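# Inside the fold
Here's the letter readout for the chains.
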Amino acid sequence: MAVHRVAVLALDGVTPLDLAIPTQIFNARPETPYEMTVCALDAKVTTSAGFALVAGGELEQVRLADTVIVPGFEPILQLPNAVLDALAEARDRGRRVVSICTGAFALAAAGVLDGLHATTHWKHIEELERDFPAVTVDRDVLYVDEGDVLTSAGVCCGIDLCLHIVRRDLGAVVANQIARGLVAAPHRDGGQAQYVPAPVAVTGEASLSTTRGWALQRLEEPLTLPVLARHAGLSQRTFIRRFAEETGTTPLRWLLNARISRARELLETTNHPVDRVARDCGLGTAANLRLHFRRALDTTPTAYRRTFWCSDHTRKPDPSP
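Before going into details, it helps to say that this report is about the structure given with it. All values reported here derive from a predicted model rather than from experimental measurement. (Residues numbered from 1 in each chain as written. Predicted model: local features only at pLDDT ≥ 70, side-chain atom pairs only at ≥ 80, totals over all residues. Heavy atoms only, no water.)

### Looking at the pairing of strand β5 (residues 67-70)
Burial along β5 is two-sided: the face carrying Thr 67 and Ile 69 and the face carrying Val 68 and Val 70 are both buried. In this sheet, strand β6 (residues 96-99) lies alongside β5 in parallel orientation, the contact comprising four bridges. In the sheet register, Val 68 faces β6, and the bridge partner there is Val 97. (Buried < 20%, exposed > 50% of the residue type's maximum accessible area, 1.4 Å probe, protein only. Helix = DSSP H or I, 4+ residues; strand = E, 2+ residues; numbered from the N terminus. Pairing = 2+ DSSP bridges.)

### Quick notes on the sheet that holds β6
Read across the sheet, six strands follow the order β2-β1-β5-β6-β10-β9 without closing on themselves; strand pairing throughout is mixed. In this open sheet, the two edge strands, each paired with only one partner strand, are β2 (34-39) and β9 (143-145). On average, each strand axis in the sheet is tilted by 15° relative to the strand beside it, whichever way the strands run. The sheet contacts of helix α6 (residues 156-170) involve β2, β6, β9 and β10 (149-152), and relative to β10 the element is tilted by about 150°. (Axes fitted to C-alpha atoms, helices over the stretch in contact; angles between N-to-C directions. Contact = heavy atoms within 4.5 Å.)

### Quick notes on the nonpolar core
Leu 19, Ile 25, Phe 26 and Val 166 are the most contacted members of the largest nonpolar core, which totals 33 residues. Breaking this core down by element, the ones donating at least two residues are β1 (4-9), α1 (16-25), β2, α6 and α7 (172-182). If we skip the residues at most four places from it in the chain, Leu 19 touches Val 8, Ala 10, Val 14, Val 38, Leu 53 and Pro 71. Counting residues in hydrophobic clusters, the runner-up holds 32 residues, among them Val 68, Ala 86, Ala 118 and Val 137. (Core = buried A, V, L, I, M, F, W, Y, C linked by side-chain atoms within 4.5 Å.)

### Observations concerning the packing of helix α12 (residues 274-281) against helix α13 (residues 286-297)
The contact between α12 and α13 brings their axes to 8 Å, and the two run at 80°. Between α12 and α13, the crossing angle belongs to the class labelled roughly perpendicular. Note on element contacts: α13 touches α12 through Ala 286, Leu 289 and Arg 290, opposite Val 274, Asp 275, Val 277 and Ala 278. Taken together, the residues of the contact of α12 with α13 break down into five nonpolar, no polar and two charged. (Parallel < 35°, antiparallel > 145°, perpendicular 65-115°, else oblique. Nonpolar A, V, L, I, M, F, W, Y, C, P; charged D, E, K, R; others polar.)

This is the structure in structure tokens:
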């Protein structure tokens, strides 16, 4: 596979967890083409947690990168012109530019987000809207994909965005392998709410994770809302409320995303005809699968397979947005 260079730009005040996410996901692996470097304006970078780190690369690596990722940083300060120029140049050269959490402020200050939709941590949404009126800020999403410019909400949403990028580059199989290594959710749709009121089970109540796991093993079956609620032992109204509290989305939207994800894996790893893939993932017919693929991925199952299927699962990044 051709090398795909990833520059993670650590700014002064970088949030350690935000920095760790892309360095872990884009670290070199035999099944991926990524070559990742942590870059900074100066060799020594202060963090928001009170310790410093030493970056292995300089801004020159940002200029040479195929993908540039800016993790969150605080406080959100006036950035040096050299940093802003490097980000603007990456955008002008058609490179992929990504932010995690408050890293969106750096992209916005460089003009990278002008005229685009973007997001950031929910605590800083109003500040981003106020300071950068040329940016359309999406409040209730995990991440925003504008093709070669992508932004995520706070912290853990950066995991979702980075896995989304891997999935876009290399397919669902590789992304899910990395997710399993991180013990992370394989796929969360970017349109889900970033602020989930109850990310873990409320005391005295059982999590719905058992029902979700049960459903994932039966995606080819006609799983309706009454069926899911009955498995959880709840009324439909309570089930919908609890499901949204735990996942930030509705049961049926979650189920559709799970089926599309299963279809992607089947298209990558089998030579089954499209109508069988549709049946095996629970979408019923080839026409229904094509409809949802077009809506979710802006492509067809056949085109997706042409891009990602290979018997030894060797992949190269998809150059198209």
